[in-house]
Amino acid sequence: MSAEGAGNRHSDSTDLVQSVDRTSQKLQNALKQMNRVLIGQEEVNRLVLAAIVANSHVMMTGMPGLGKSRLLGSINTIFGLSFNRIQGTNDLMPMDVIG
């Protein structure tokens, strides 16, 4: 093993750590912004953010007026994503959503 090869691995490792630190900071800032919009729901905000990072889905259910649409609208603004609200009904079919 050459010293040059070891130096490249150290550089790659340092770059990775810096990238993770930057990403962590961005996620912490996003969570702060989400917590400002939906006050008192830190766990919900954290779990929704985790689903975004995991490239997963979230189904928001609950009584009217709890801030579900407001939370998702704020995520739209924070991350520059698109947001469409679908009012679920008992007879809603997948084709009604995807066309």
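The model shown is predicted, which means the values in this text are computed figures rather than measured ones.

Asks: Mind showing me how you'd approach the overall build of the protein chain here?
Replies: Scanning the protein chain from terminus to terminus reveals four helices and zero strands. When the helices and strands of the protein chain are listed from N to C terminus, the series reads α-α-α-α. Considering the protein chain as a whole, with its 99 residues, one finds that 12% of them fall into the buried category. Intrachain contacts of the protein chain at a sequence separation of at least 6 include 35% that bridge at least 24 residues. Summing over all exposed atoms, the protein chain offers an accessible surface of approximately 8,000 Å²; the carbon and sulfur share of this is 55%.

Asks: Just to check I follow, could you spell out the packing of helix H2 (residues 42-53) against helix H3 (residues 68-79) for this structure?
Replies: Relative placement of two packed helices is described by the angle separating their axes and the distance separating the axes. Where H2 contacts H3, the axes come no closer than 12 Å and their chain directions differ by 50°. One element, H2, and the other, H3, form an angle in the oblique class. Judged by the twist between their axes, the crossing of H2 over H3 is right-handed. For the pair H2 and H3, the contacting residues are Val44, Asn45, Val48, Leu49 and Ile52 in the first and Leu71, Ile75 and Phe79 in the second. In terms of residue class, the contact of H2 with H3 is built from seven nonpolar, one polar and no charged.

Asks: Looking at this structure, how should I read H3?
Replies: Owing to its 3.6 residues per turn, the α-helix brings residues three or four apart onto one side. In this model, H3 (12 residues) spans 17 Å end to end at C-alpha, consistent with the 16 Å of a helix rising 1.5 Å per residue. By the burial criterion, the buried members of H3 are Leu71, Gly73, Ser74 and Ile75. Positive backbone phi, at 70°, marks Gly80, one or two positions downstream of H3.

Asks: It is not clear to me how the layout of surface pockets should be interpreted in this structure. Could you clarify?
Replies: Empty space among the atoms becomes apparent when a probe as large as a water molecule is rolled across them. In this structure, the largest pocket spans a volume of roughly 1,100 Å³. Of all the secondary-structure elements, those providing two or more residues to the lining of the largest pocket are H2 and H3. The greatest single-element share of the lining of the largest pocket, amounting to five residues, is contributed by H3.

Asks: I would appreciate a short explanation of the confidence of the model for the protein chain in the present structure.
Replies: Regions with low pLDDT carry predicted coordinates that are not meant to be interpreted in detail. Residues at a pLDDT of 70 or more form 89% of the protein chain, whose mean pLDDT is 82. Between the elements of the protein chain, mean pLDDT differs from a low of 79, seen in helix H4 (residues 94-98), to a high of 89, seen in H2.

Cut-offs and rules
Residues numbered from 1 in each chain as written. Predicted model: local features only at pLDDT ≥ 70, side-chain atom pairs only at ≥ 80, totals over all residues. Heavy atoms only, no water. Helix = DSSP H or I, 4+ residues; strand = E, 2+ residues; numbered from the N terminus. Buried < 20%, exposed > 50% of the residue type's maximum accessible area, 1.4 Å probe, protein only. Contact = heavy atoms within 4.5 Å. Areas by Shrake-Rupley, 256 points an atom, 1.4 Å probe, with all protein chains shown as cover. Axes fitted to C-alpha atoms, helices over the stretch in contact; angles between N-to-C directions. Parallel < 35°, antiparallel > 145°, perpendicular 65-115°, else oblique. Left-handed = near helix turned anticlockwise from the far one by under 90°. Nonpolar A, V, L, I, M, F, W, Y, C, P; charged D, E, K, R; others polar. Expected span 1.5 Å × (residues − 1). 1 Å grid on protein atoms, 1.4 Å probe; cavity = no way out; pocket = protein on both sides within 12 Å on 5 of 7 lines; lining within 4 Å. Points joined across faces, edges and corners; volume = space filled by probe spheres on them. pLDDT = per-residue confidence, 0-100.

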